[in-house]
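Topology and contacts: notes
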2 protein chains.
Amino acid sequence: MLSIGDLSRKTGVKVPTIRYYEQMKLVTAPERSEGNQRRYSIVELERLTFIKHARDLGLKIDAIRELLDLSAHPEQPCADANRIAEDHLAATRDRIAQLQRLEAELVRITEGCHGDSIKDCYVIQSLSDHALCQDGH
Amino acid sequence: MLSIGDLSRKTGVKVPTIRYYEQMKLVTAPERSEGNQRRYSIVELERLTFIKHARDLGLKIDAIRELLDLSAHPEQPCADANRIAEDHLAATRDRIAQLQRLEAELVRITEGCHGDSIKDCYVIQSLSDHALCQDGH
DNA sequence: TTTTGTACCTATAGTTACTATAGATATTAG
DNA sequence: CTAATATCTATAGTAACTATAGGTACAAAA
Ligand SMILES: [Zn+2]
Ligand SMILES: [Zn+2]
Ligand SMILES: [Zn+2]
Ligand SMILES: [Zn+2]
């Protein structure tokens, strides 16, 4: 049996985060020691490893909950699991595209600044006036 | 004089957000009407326009506060303003790079799924096992 | 076996940047 | 003048944690 600290070290999920996941019912409340401390088994280690990996890939808690529910029914078709992953991929791509537009504006803005005084600074001017921008964020 | 609703329409910042910015001292408390409603002038319209644009470009409230402080001193050199913009550009690029790594993994994961049952689903398997991944997020 | 140091417990509040709600008051158009 | 809309304050909710306080459990050394 693993203490919450052991589980934390093995998964890379911080101790308070593990407790938070328990509150959010992402992980079920584990057994307790005589002194009321949490004791985990391999099942819970695997579940938390799954959660950690999904979070690292940027999936939201709700999506992870759905995926965990799905994986409890091994004989069911996996269309829903795939859809969740595809949706997240699409959202990730949208976010990248948006950040790239911002990047382009920020390049333009920083390159326009030649270290003058604030009143002549292109950074400040650009922030004051969106008309100077090339796209519509 | 503009009501808070007028200011909201002209800047695209929602009414509760304007009040929130006042609380956060990003904008100073404006004059009030006889009936205690906020009344704004052009100065405040310009300041909020600046804030909106900076937020749209992804700058954090603290960075915007610094930029506003700087722009109150027109004769000072603009090195700090440029540094804030450059830092934000660097952070934006880091975020893009990270999201692109996630994107690559998500492509691999979704393409590996061929619509079988959950127990054979590559989406579920990939989430369970980071060793299948190509990089280290 | 006792001490000591770390780990653990619960409950609560703080983080970021808002958004939503409720219940009361102000303003404006007809 | 009345009705509709806008505004007011205060408070709570959002996502996903993180930090803190005050107290208890556990494990290894003395
Ligand atoms: Zn400059
Ligand atoms: Zn712009
Ligand atoms: Zn599949
Ligand atoms: Zn991975």
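Computed from a predicted model, the values in this text were never measured in an experiment. Every chain is numbered independently, its residues counted from 1 as its sequence is written. For this description, chains carry letters from A and ligands carry numbers from 1, given in the order in which they are written. Since the coordinates come from a predicted model, pLDDT governs what is reported: local features require at least 70, and pairs of side-chain atoms require 80 or more to be given and counted, while whole-chain, interface and lining totals use all residues. Only hydrogens and water are set aside when side-chain values are computed; all heavy atoms of the structure are taken into account.

**Brief notes about the coordination of the zinc ion (ligand 1)**
Bound to the zinc ion (ligand 1) are the protein donor atoms A:Cys113 (SG), A:Cys121 (SG) and B:Cys78 (SG), situated 2.3 Å from the metal. Here A:Cys113 matches A:Cys121 in class, with each residue buried. Any nitrogen, oxygen or sulfur atom within 2.8 Å of a metal ion counts as a donor, with the limit raised to 3.2 Å for Na, K and Ca, and since water is left out, coordination shells can look unfinished. Working definition: with a 1.4 Å probe on protein chains only, accessible area under 20% of the residue-type maximum means buried, over 50% means exposed, and in between means partly exposed.

**Quick look at the relation of the copies chain A and chain B**
The operation relating the two chain copies consists of a rotation about an axis and a shift along that axis. Rotating chain A by 180 degrees and translating it 0.0 Å along the rotation axis places it on chain B, where the RMSD comes to 0.1 Å. The symmetry that links the two subunits is that of a two-fold axis. Considering only C-alpha atoms, the part of chain A nearest the rotation axis is A:Ile96, at 2.9 Å. A contact between two residues is defined here by any heavy atoms of the two lying within 4.5 Å. A shared interface surface links the copies, since 100% of the contact residues of chain A are contact residues in chain B too. Least-squares superposition aligns the copies on the C-alpha atoms of those residues with pLDDT at or above 70 in both.

**Considering the protein's contact with DNA strand C**
The rule for a residue being near a molecule or strand is that one of its heavy atoms must lie within 4 Å of it. Around DNA strand C, a shell composed of 19 residues is seen, among which A:Gly5, A:Arg38, B:Tyr20, B:Tyr21 and B:Arg55 lie nearest. Sugar and phosphate atoms constitute 87% of the interface atoms of DNA strand C, taking the interface as everything within 4 Å of the protein. Contact between DNA strand C and A:Arg32: a phosphate oxygen at 3.1 Å from a side-chain N or O atom of the residue. B:Ser33 places a polar side-chain atom, nitrogen or oxygen, 2.9 Å from a phosphate oxygen of DNA strand C. Per the convention used, a helix needs a DSSP run of H or I reaching at least four residues, while a strand needs a run of E reaching at least two, with both numbered from the N terminus. Mapped by element, the contributors of at least two residues to the surface near DNA strand C are helix 1 (4-11) of chain A together with helix 2 (15-23) of chain B. N or O atoms within 3.5 Å of each other form a polar contact, as long as, within protein, one can give a hydrogen and the other can take it, and as long as residues adjacent in sequence are counted only when both atoms are side-chain atoms.

**What about helix 3 (residues 42-56) of chain B?**
Multiplying 1.5 Å by the helix residue count minus one yields the expected span of that helix. Between its terminal C-alpha atoms helix 3 of chain B stretches 21 Å, which fits the 21 Å expected from 15 residues at 1.5 Å a residue. Within the span of helix 3 of chain B, buried status applies to B:Glu44, B:Leu45, B:Leu48, B:Phe50, B:Ile51, B:His53 and B:Ala54. Residues of helix 3 of chain B that are buried sit in contact with helix 6 (122-128) of chain A together with helix 1 (4-11), helix 2 and helix 4 (61-71) of chain B. B:Gly58, located one to two residues past helix 3 of chain B, shows a positive phi value of around 95 degrees.

**With respect to the interface of chain A and chain B**
Each partner contributes residues to the interface: chain A has 52 residues there, and chain B has 52 residues. Across the chain A/chain B interface, buried area totals approximately 4300 Å², and carbon plus sulfur atoms make up 75% of it. Should a side-chain nitrogen of Lys or Arg be within 4 Å of a carboxyl oxygen of Asp or Glu, the pair is scored as a salt bridge. The interface formed by chain A and chain B holds four salt bridges in total. The tally of links from chain A across to chain B stands at 18 residue pairs in polar contact (both at pLDDT 80 or more). Among the elements that take part in the side of chain A that touches chain B, helix 5 (residues 79-112) of chain A stands out by supplying 19 residues, more than any other. As a working definition, buried area equals the accessible area (1.4 Å probe) given up by two parts on being put together, with both sides summed.

**Regarding the domain arrangement of chain A**
How big an interface is tends to be reported as the loss of accessible area on association of its parts. An automatic or database domain assignment supplies the start and end points of every domain. Splitting chain A by domain gives domain 1 (4-59) and domain 2 (80-132). Distance from the C-alpha centre of domain 1 of chain A to the C-alpha centre of domain 2 of chain A: 37 Å.

**Quick word on the protein's contact with DNA strand D**
The immediate surroundings of DNA strand D are formed by 19 residues, with A:Tyr21, A:Arg55, B:Ser3, B:Gly5 and B:Arg38 found nearest. Looking at DNA strand D alone, sugar and phosphate atoms form 87% of those within 4 Å of the protein. A:Thr17 has a polar side-chain atom sitting 3.1 Å from a phosphate oxygen of DNA strand D. One of the backbone nitrogen or oxygen atoms of A:Ile61 is found 3.5 Å away from a phosphate oxygen of DNA strand D. Elements with a minimum of two residues in the surface near DNA strand D: helix 2 (15-23) of chain A together with helix 1 of chain B. With three residues, helix 2 of chain A is the single largest residue contributor to the surface near DNA strand D. Residues were grouped as follows: Ala, Val, Leu, Ile, Met, Phe, Trp, Tyr, Cys and Pro as nonpolar; Asp, Glu, Lys and Arg as charged; and all remaining residues, including Gly, as polar. Tallied by class, the residues present in the surface near DNA strand D amount to four nonpolar, eight polar and seven charged.

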